[in-house]
Structure formats: C-alpha cells, structure tokens
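Reading the structure
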Amino acid sequence: MRNLGPAPMTTEIETVRTVADLRARVSAWRARGGSLAMVPTMGAIHEGHMSLVRQAKGLAGHVVASIFVNPLQFGPSEDFEAYPRGEARDAALLAEAGADLLFAPGAGEMYPEGFATTVHVADITEGLCGASRPDHFDGVATVVAKLLLQCGPDVAIFGEKDYQQLLVIKRLVRDLNIPVKIVGGAIVREPDGLALSSRNAYLSAEERETAPLLYATIQQAAHALAAGHATEHALESARAALEAAGFRVDYLEARDPETLARLSGSVATARILVAAFLGKTRLIDNVPVPPRA
Ligand code: AMP
C-alpha cells in the first residue's frame with residue numbers, strides 16, 4: 001500500500017468521542033446563535049474531503065467533521081480491516097481545511113451492546129453499487145441517520161464522488177424528516193483525472209498508471225451522449241475500452257441524474273456511473289451529461 005503522506009505540522013483540532021460531548025459542544029455554539037455544518041468521513045483524509053470541509057465553512061459558522069470507519073457498510077469480504085487509518089494525520093488535515101471539531105467515536109459508542117436498528121432506503125439503492133454490495137446502503141443510511149441525529153447540523157456535505165450515496169442520503173433525510181439540508185460537493189481529481197479516493201492507496205504503480213483511463217473513458221462517453229449517440233452504443237464502446245486496458249467492469253450505466261432511473265436511446269441529460277476493478281481494487285467514478293469540460 002502506498003503511503004498517505006506526511007501530516008502537516010501546525011494545526012490542531014479538538015476531538016470528541018462521545019455523543020454527549022458532541023452535543024455539549026454543539027449546544028454551546030447554538031446558544032451563541034451559530035450555524036453548523038457537518039462533513040462525515042471514514043478518515044484517510046485527502047483533498048476531496050478537505051474540499052468538502054472548505055465548502056462547509058462557506059455555508060455555516062462552525063464545521064464538525066466526523067471520522068468513523070463504519071463496519072456496517074463493509075461486506076464480509078471487503079476491506080474493513082485493511083481500510084487506511086491514521087487519526088493524528090487526518091485530524092491535522094481536517095483542521096487545516098477549517099473544521100472546528102472532530103467527532104471520532106469508537107464502535108462501542110455508535111453500536112453499543114444490543115443495537116438492533118437498521119435504516120433501509122428502497123428503490124434508489126437498487127442497482128449500481130447496491131447490486132454488487134448488498135447491505136452497503138443499509139450500513140450507510142443507518143450510520144448517516146445516526147450522525148445527523150447526534151450532531152443536528154443545519155447542512156451536511158457529501159461528495160458527488162459517491163453519487164448514488166448522495167441521492168440515498170437526500171432520500172433518507174426527506175423521508176424521515178431529518179431537519180438538515182444535504183449539499184453535494186464536486187469531485188476532486190488528480191491532475192491526470194483520477195478521482196481522489198482513500199482506496200487509490202491500494203493501487204500498484206502499474207495500476208495507478210492505468211487508473212486515469214476510468215475517468216477519460218466515461219468522459220468520452222459523456223461527450224458521445226451529448227453529441228446525440230445512443231447510450232447503448234456509447235456505453236458499449238466505453239466498456240470495451242476499459243476491458244482492453246485491464247479493468248474488470250462491475251457496472252457502467254447511464255442513469256437519470258435525479259432518480260437514477262435507467263435510460264436508453266439518445267438522451268440530453270444523464271449521469272454516467274461506473275465501478276470497475278483494477279486488480280483487487282474497486283474504483284468508482286461518475287460524470288454528468290452534458291459534460292462539464
Ligand atoms: P469517505 O471517507 O470515503 O466515506 O468519504 C467521505 C466523504 O468524502 C463522502 O461524502 C465522499 O463522497 C467524499 N469524497 C470522497 N472522495 C471525494 C473526492 N474525490 N471528491 C469529493 N468528495 C469526495
């Protein structure tokens with residue numbers, strides 16, 4: 001695994017580990033009339049997470065970032081144990097981006113003995129990542145519902161990188177009347193186009209060379225759709241290009257950007273979503289149609 005890089009040396013952030021301490025801190029801000037934004041993460045902080053914190057800072061007076069590697073959203077053969085962890089480095093980067101407080105609960109605080117509740121969002125969780133990662137979105141919906149209720153922010157920011165997740169969370173909040181505005185953050189990419197992801201650290205040097213083709217290929221498909229080509233043809237070419245480069249495609253689809261309904265033929269607006277393995281590493285990405293660049 002590649003190194004996540006050195007921690008910055010200067011910044012510090014207050015860290016709380018219990019819901020009671022989080023609420024005490026939030027209540028004190030609220031008493032002074034302050035607004036609050038939340039940025040949930042699983043740590044292994046990179047520029048993508050930091051951009052969400054900066055965005056949050058522009059939307060509210062105080063920003064709470066959370067780090068919790070949520071066991072409920074990993075399948076039995078997935079990378080829960082191997083997921084990169086390094087709280088000191090993460091805390092420094094979150095502080096540098098402008099977070100005011102870090103909420104980093106342990107598993108016992110989030111799921112104490114006897115925990116028995118699951119939040120299930122239907123429809124929008126079916127297909128795409130929901131098809132290849134059964135129970136994943138139940139884990140996400142359950143932990144995000146808890147985090148939002150624990151913290152009570154005015155606004156919470158989630159990256160478009162996990163596009164289906166963002167829509168699942170919007171639906172969750174709407175359906176359960178959780179009083180928070182969900183805002184999407186743009187995908188931050190490496191200069192070569194690869195979307196930043198904590199899982200990029202798993203790529204070998206050779207796989208890392210190939211990885212930017214994922215974005216380049218779906219971007220090309222987005223241009224083809226915008227030019228009036230049928231989705232079936234554009235996606236077929238894209239799939240062939242990815243397989244020729246050594247990707248194992250999990251899914252590659254054009255969906256309605258709001259409902260994720262399947263699309264076919266020629267379309268004016270869509271979201272192209274892809275998940276593909278390079279070796280053992282599963283990468284996801286997505287782009288809008290019409291394309292932004
Ligand atoms: P994670 O720590 O992977 O659970 O991600 C925490 C939040 O950061 C989620 O809302 C992700 O969608 C978001 N995120 C992850 N990677 C990126 C990226 N490259 N650009 C923007 N947001 C991202």
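Quick note: structure is the one above.
Residues numbered from 1 in each chain as written. Predicted model: local features only at pLDDT ≥ 70, side-chain atom pairs only at ≥ 80, totals over all residues. Heavy atoms only, no water.

Right, let's talk about the environment of G185 for a bit. In this structure, G185 sits in strand β6 (residues 181–185). Overall, the relative accessible area of 0% leaves G185 in the buried class. A C-alpha to C-alpha distance of 10.0 Å links G185 and Y163, two positions 22 residues apart in sequence. (Helix = DSSP H or I, 4+ residues; strand = E, 2+ residues; numbered from the N terminus. Buried < 20%, exposed > 50% of the residue type's maximum accessible area, 1.4 Å probe, protein only.)

Here the focus is the site of the ligand. Around the ligand sit 16 residues, and of these M42, G159, D162, V188 and L196 come closest. Within the backbone of G159, one N or O atom sits 2.8 Å away from an oxygen atom of the ligand. Alone, the ligand offers 490 Å² of accessible surface; in the complex the protein occludes 92% of this. If you list the elements that add at least two residues to the shell around the ligand, you get β2 (36–41), α2 (47–59) and β5 (155–159). The element contributing the most residues to the shell around the ligand is α2, with three residues. (Near = heavy atom within 4 Å. Polar contact = N/O pair within 3.5 Å; in protein donor to acceptor, adjacent residues only side chain to side chain. Areas by Shrake-Rupley, 256 points an atom, 1.4 Å probe, with all protein chains shown as cover.)

Taking 1.5 Å of rise per residue, the 13 residues of α2 would be expected to cover 18 Å, and the 18 Å separating its terminal C-alpha atoms lies within 8% of that figure. If you check which residues of α2 are buried, you get G48, H49, M50, S51, L52, V53 and A56. Contacts from the buried residues of α2 go to β2, β3 (62–67), α3 (87–97), β5 and β6. (Expected span 1.5 Å × (residues − 1). Contact = heavy atoms within 4.5 Å.)

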